[in-house]
Amino acid sequence: MWDDAFPSFLIGLREGLEAGLIVSILVATLVRADAKSRLPQVWTGVLAAIALALSFGAVLTFTAANLSATAQEAFGGVLSVIAVAFVTAMVFWMRRSARTFSGEIKEKVTGALGMGAGVLMLTSFLAVGREGLETALFLWTTARAAGESAGPLTGAAIGLVLAAALCWGLYRRVLRINLTKFFTATGVVLIVIAAGVLGYGLRDLQEGGVLPGLTSYAFDLSGSVDAGSWYSTLIQGVFNLMPTMTWLQVVGYVGYLAVVMPLFVRGVKTKAPEPAPTPAELSEPAPSPRRRPVWVVPVAVVAVPAVVAGLVVAISRPKPASSQTVAVSETECGKGFTAPDTGRQTFQMHNTGDKTAEVYLIDPATNAVYGEVEGLAPGTTRDLVATVAGGSYAWRCVPTGAKAVTSATVHVSGGGGAVKAVVPVSEKDLAAPLKTYKAYVDQGLATLVTQTRQLSDDIAGNHLAKARTDWLTAHRTYSSLGAAYGTFEDFDQKINGRADGLAGGVQDKDFAGFHRIEYGLWHGQSAGELKVPAQQLAAAVVGLRKAFPTQDFDPGDLPLRAHEILENALQFELTGDTDEGSGTNLATVDSNLAGTRELLTVLKPLLTKESPKLLPGVDADIARLQKLLDSAHRGGSWTPVEQLDGTAKARLDGATGQLLEDLAPVPDLLEIRKSA
């Protein structure tokens, strides 16, 4: 988490110290002028500045959440660039002003003392408010880059607490800090961090469609750099340098450093150092009795920014969804449908027929699907939520066992931005991939027949050491055929059944297949005890090879298995749940990964058409997981899952989880939808 926390820690420390020093000087000046009665006005201004910064952060967060995914990228990119501009201006201003701002603040306070309470409150508010807004903006951009990590908030909190402690120490004359050197050193580091934020912001603008060059990569190290390693995570978190960067990102990053860093360093060298504010300047005479502050104004200055922020968030929320009720049936499909407004809309789909139906909101010209409801029972109503932009729309109702019916087309005028739709996939589209994959499985089963016969012969000849090697070879072959398991029917239990759920566990008479033989080979059972299970395994494989060409292989299983193969690996293999003594769970995961790679190869033409950006990310995930698995395979042996250290296990789980997350859209993208 520290890699995500460090940039926010530094900005919290630096901005907090700036604001804290200003407040300390304000307080010390008033105390020296024997105007302690005016202190509540300073604290009220400070409180108002804090409330404004928090409200600003809330507006950024909730406003972005109400935008579409593309708009969020563009919004985040713009704010990242603005944050870089603010931080750049801040480091230059503090480099120039660190030696003199004590006198400037004192001068402002002295002038304010002769005026009303509002002027002193405004002075403290403006002095602290700028730092608060800069902190909120920079923290928002770094938190967005870190995703769900709590690092940015934690780092900022630690930085602010440390800054408060340093300011207190200066005020109470227990610390002495060369503020000029401090702000110069942190300025150099912040310029490097800001360059990374700029690069990240430019990538957001590319993904949001504002800037070109999204696929023009300057380099792509995703296949050779372990994105989960500590050094990679540290570099990404602190400097926002990614394994894959576009030319625009690289030019922006390098160009920013090439221009800003020399200017900053040159400015430091050309100005002779002057003394920074000393602890004596911030000293406080003997304390006098405090007066009770008036709470009405502080409450008001907190409430006003919060209320304004709430109004901004409320206004930015999408308009309430429409309440059109649309009929679904063979005879009334689309009845009640009129041209909706653009934006996010909710349609109440009411099945007026006597059959359960599926219903899709489509583009009638391309059959692209914008939203769907499955299993809508007769007489029931369910909401369908979709985002509408300018274009043509129609409803397609597909009652069970009946032909699809398409409603009349309505035309929506206006903009609304680009709306992502899924082009439907038919059984015909999946026919060629299915044929290719079935040939792959058939060839794998032919190989498996030979391998299991060899395993049976090993055991029959009492060659148990060789049997262990041949067992792993055969089991890996079977493990690479994962997308066909649903087709294998009862054969899968006979070939690869587990002891879980059996009354007798590993001693149960129904415990059979690879895991039964694994248990015996690695628990000292004799060849005589394993001969029959080995023969039964070989016979089951022969039976499966013979039956497979006639088994019903649902083409819809292909996209489902793209995710499920490794989902099972994460659940059973990476937990060691299926280990019966061989310690080869990672070898099984390796074979599962090979099977997933083969499946994605046959689905590649369709996936490239439906989502061009999906496969490059998936390929990088696969390469990362493969590298981790290879590191656990040395000299022909595999590290057992239970012997992995905590870091290695976490990386494997994390890499598998990331791959599963990126594969999750595949079933929806390639779901078979009836179009006629």
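Treat the numbers as computed from the prediction; the structure is a model and nothing was measured. Here the residue numbering is sequential within each chain, running from 1 through the sequence in written order. Given that this is a predicted model, residues contribute local features only at a pLDDT of at least 70 and side-chain atom pairs are listed and counted only at 80 or more, while totals for whole chains, interfaces and linings are drawn from all residues. Note that the side-chain values use all heavy atoms of the structure and ignore hydrogens as well as water.

Draft legend 1. Representation of the overall build of the protein. If you tally the helices and strands in the protein, you get 20 helices and 12 strands. For the protein, the residues scored as buried account for 49% of the 676 residues in total. We call two residues in contact whenever any of their non-hydrogen atoms come within 4.5 Å of each other. Residue pairs at least 24 apart in sequence account for 77% of intrachain contacts in the protein once pairs closer than 6 positions are excluded. Surface accessibility in these figures is a Shrake-Rupley result with a 1.4 Å probe; residues are shielded only by whichever protein chains are displayed. Accessible area for the protein stands at about 31,300 Å²; split by element, carbon and sulfur atoms hold 60% of it. Counting from the N terminus, the helices are the DSSP runs of H or I reaching at least four residues and the strands are the DSSP runs of E reaching at least two. Each residue is assigned to one of three classes by its accessible area relative to the maximum for its type, calculated with a 1.4 Å probe on protein chains only: buried under 20%, partly exposed between the two thresholds, exposed over 50%.

Draft legend 2. Quick peek at the environment of Lys403. Summarising the element assignment, Lys403 is placed in the loop between strand 8 (391-399) and strand 9 (405-406). Here Lys403 falls in the exposed class, since its relative accessible area comes to 69%. Linking Lys403 and Glu330, residues 73 residues apart in sequence, is a C-alpha distance of 8.0 Å.

Draft legend 3. Seen up close, the pattern of salt bridges. Counted as salt bridges are all cases of a side-chain nitrogen of Lys or Arg within 4 Å of a carboxyl oxygen of Asp or Glu. Per the stated rule, a full pass over the model turns up 12 salt bridges. Between Lys509 and Asp510 there is a salt bridge whose closest N-O contact spans 3.5 Å. Between Asp653 and Lys649 there is a salt bridge, and its shortest N-O distance comes to 2.6 Å. You can see Asp653 and its partner Lys649 sitting in helix 19 (residues 646-663), 4 residues apart, about one turn around the helix. Overlapping salt bridges bring together Asp458, Lys466 and Asp470 as one network.

Draft legend 4. Highlighting helix 12 (residues 464-479). By this rule, a helix spans an expected 1.5 Å times one less than how many residues it contains. The terminal C-alpha atoms of helix 12, which comprises 16 residues, lie 22 Å apart, in line with the 22 Å expected from a rise of 1.5 Å per residue. Along helix 12, the residues classified as buried are Leu464, Ala467, Asp470, Trp471, Leu472, Ala474, His475, Thr477, Tyr478 and Ser479. Contacts made by the buried residues of helix 12 are with helix 11 (427-460), helix 13 (491-496), helix 14 (514-521), helix 15 (527-547), helix 17 (585-610) and strand 12 (637-638).

Draft legend 5. Inspection of the nonpolar core at higher detail. Ranked by size, the top nonpolar core spans 69 residues in total, and within it Ile459, Ile495 and Leu586 carry the most contacts. If sequence neighbours within four positions are ignored, Leu586 has contacts with Leu574, Leu629, Ala632, Trp638, Thr639, Val641, Leu644 and Leu652. By nonpolar core is meant a set of buried Ala, Val, Leu, Ile, Met, Phe, Trp, Tyr and Cys residues that side-chain atoms within 4.5 Å join together.

Draft legend 6. Representation of the packing of aromatic side chains. Whether two aromatic rings pair depends on their centres lying within 6.5 Å, for rings of Phe, Tyr and Trp, where Trp uses its six-membered ring; planes under 30 degrees apart make the pair stacked, over 60 edge-to-face, and the rest tilted. For the coordinates displayed, the defined rule picks out 11 aromatic pairs. When the centroid spacing of 6.4 Å and the interplanar angle of 75° are considered together, the rings of Phe548 and Phe553 count as edge-to-face. A residue is classified by how much of its surface remains accessible, and Phe548, at 2% relative accessible area, is buried. A ring is considered to have a charge above it if a Lys NZ or an Arg CZ atom is located within 6 Å of its centre and within 35 degrees of its normal. A cation over an aromatic ring shows up here: Arg498 above the ring of Phe572, its NZ or CZ 4.3 Å from the ring centre.

Draft legend 7. Structural detail: the sheet that holds strand 3 (residues 325-328). If you trace the 3 strands from one edge of the open sheet to the other, you get 3-4-7, paired in mixed fashion. Among the strands making up the open sheet, the edge pair consists of strand 3 and strand 7 (381-388). If you compare each strand with its neighbour and ignore which way they point, the axes differ by 35° on average. Only strands that DSSP links by at least two bridges are regarded as paired with each other. With 4 bridges joining them, strand 3 and strand 4 (residues 343-351) adopt parallel strand pairing. Bridge pairing in strand 4 links Val328 to Asn351. A fitted line through C-alpha atoms serves as each axis, taken over the contacting stretch for helices, and the angle formed by two N-to-C directions is quoted from 0 to 180°.

Draft legend 8. Structural context of a negative patch on the surface. On the surface, a cluster of negative charge is made up of Glu427, Glu489, Asp490, Asp552 and Asp554. Tracing the sequence through the fold places Asp490 in the loop between helix 12 and helix 13. In this scheme, patches are assembled from residues that exceed 30% relative accessible area and form no salt bridge. Like charges are connected within 9 Å, while nonpolar side chains (Val, Leu, Ile, Met, Phe, Trp, Tyr) are connected within 5 Å. Charge counting treats Lys and Arg as positive and Asp and Glu as negative, with His and both chain ends excluded. By convention, charge coordinates are those of NZ in Lys, CZ in Arg, CG in Asp, or CD in Glu.

Draft legend 9. The arrangement of the packing of helix 11 against helix 15 in detail. Across the interface, helix 11 lies against helix 15 with an axial gap of 9 Å and an inter-helix angle of 165°. One finds that helix 11 runs roughly antiparallel with respect to helix 15. Read as a crossing pair, helix 11 and helix 15 show a hand that is left-handed. Counted together, Asp442, Leu445, Ala446, Leu448, Val449, Thr452, Arg453, Leu455, Ser456 and Ile459 of helix 11 and Ala527, Leu530, Lys531, Ala534, Gln535, Leu537, Ala538, Val541, Val542, Leu544 and Arg545 of helix 15 form the full contact between these two elements. For this scheme, ten residues count as nonpolar: Ala, Val, Leu, Ile, Met, Phe, Trp, Tyr, Cys and Pro. Four count as charged, namely Asp, Glu, Lys and Arg, and the remainder, Gly too, count as polar. For the contact of helix 11 with helix 15, the per-class residue count stands at 14 nonpolar, 3 polar and 4 charged. Geometric relationships in this document are graded by angle, where less than 35 degrees denotes roughly parallel, more than 145 denotes roughly antiparallel, 65 to 115 denotes roughly perpendicular, and other angles denote oblique. Each crossing gets its hand from how the near helix is turned against the far one by less than a right angle, where anticlockwise is left-handed and clockwise is right-handed.

Draft legend 10. Looking closely at the pairing of strand 5 (residues 357-363). Strand 5 sits mainly inside the fold: 6 of its 7 residues count as buried. Hairpin remark: strand 5 followed by strand 6 (residues 368-376), antiparallel, with 4 residues in the connecting loop; positive phi at Asn367, about 65°.

Draft legend 11. Focus on helix 19. End to end, helix 19 covers 26 Å across 18 residues, agreeing with the expected 26 Å (1.5 Å per residue, within 8%). Among the residues of helix 19, those classed as buried are Leu652, Ala655, Thr656, Leu659, Leu660 and Leu663. Buried residues of helix 19 fall within an arc of 135° about the axis and therefore sit on the same side. For helix 19, the exposed residues set more than 90 degrees away from the buried face come down to Gly646 and Glu661. Buried positions along helix 19 lie against helix 16 (557-573), helix 17, helix 18 (614-631) and helix 20 (666-669). Two or three places before Thr647, at the start of helix 19, stands the capping residue Asp645, its side-chain oxygen 3.0 Å from that residue's backbone nitrogen. Comment: arc refers to directions from the helix axis out to C-beta atoms. Pairs of N or O atoms within 3.5 Å make up the polar contacts considered here, provided that, within protein, one atom can donate a hydrogen while the other can accept it, and that residues adjacent in sequence are counted only when both atoms are side-chain atoms.

Draft legend 12. The arrangement of a nonpolar patch on the surface in detail. A surface patch of nonpolar side chains, about 230 Å² in accessible area, is lined by Val78, Ile82 and Phe86. You can see Val78 is positioned in helix 3 (residues 69-97). Residue classification places Val78 among the partly exposed residues on the basis of a relative accessible area of 41%.

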